[in-house]
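Architecture at a glance
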Amino acid sequence: MINISNDVYNRAAAITPSNTVDETEVFDAFLVGGAGNVAIVTEDRVATTLTGLLAGTVYRIRGRRVNVTGTTATSLVGLRFV
């Protein structure tokens, strides 16, 4: 789904990093509460580590999981469109 309304998310849930368990739903973006790295597994199951992410920033990357290993950022929130 493409959101043309420019960052209007209507659902949010804390992301619990796990090396094996996906989030209940794919998230459309995520908010970083505390700066650091995020080891994300994207919607199409590609694992990558995003480094140097800034606190208080929303990153518009669809993902199904954030891995514990490699993630140093804290207070991650998954944002979704309905």
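Residues numbered from 1 in each chain as written. Predicted model: local features only at pLDDT ≥ 70, side-chain atom pairs only at ≥ 80, totals over all residues. Heavy atoms only, no water.

Take the overall build of the protein next. Along the backbone of the protein there are zero helices and seven strands. Along the three orthogonal principal directions, the C-alpha set of the protein runs to about 35 × 25 × 20 Å. Evaluated residue by residue, the protein yields a buried proportion of 39% over its 82 residues. Long-range pairs, those at least 24 residues apart, make up 68% of the contacts in the protein between residues at least 6 apart in sequence. Of the accessible surface of the protein, which amounts to about 4,600 Å², a share of 55% is contributed by carbon and sulfur atoms. The protein carries 7 positive and 7 negative side-chain charges, and their two centres are separated by 2 Å. (Helix = DSSP H or I, 4+ residues; strand = E, 2+ residues; numbered from the N terminus. Buried < 20%, exposed > 50% of the residue type's maximum accessible area, 1.4 Å probe, protein only. Contact = heavy atoms within 4.5 Å. Areas by Shrake-Rupley, 256 points an atom, 1.4 Å probe, with all protein chains shown as cover. Lys, Arg positive; Asp, Glu negative; His and termini not counted. Charge placed at Lys NZ, Arg CZ, Asp CG, Glu CD.)

Within the fold, T42 resides in strand β3 (residues 36–42). For T42, a relative accessible area of 14% gives the class buried. For T42, the residues in contact, after removing those within four places along its chain, are I61, R62, G63 and R64.

With that settled, consider the sheet that holds strand β6 (residues 63–67). The sheet built from three strands is open, its strands ordered β4-β3-β6 with antiparallel pairing. Because the sheet does not close on itself, it has two edges, and the strands there are β4 (47–53) and β6. Across the sheet, the mean angle separating the axes of adjacent strands is 35° when strand polarity is ignored. Inspection of the sheet shows β3 paired to β6 by four bridges, in the antiparallel sense. Paired with A39 across the strands is N67, a residue of β6. (Pairing = 2+ DSSP bridges. Axes fitted to C-alpha atoms, helices over the stretch in contact; angles between N-to-C directions.)

What follows concerns the environment of V32. Along the chain, V32 turns up in strand β2 (residues 29–32). Expressed as a C-alpha distance, the spacing of V32 and L54, which sit 22 residues apart in the sequence, is 6.8 Å.

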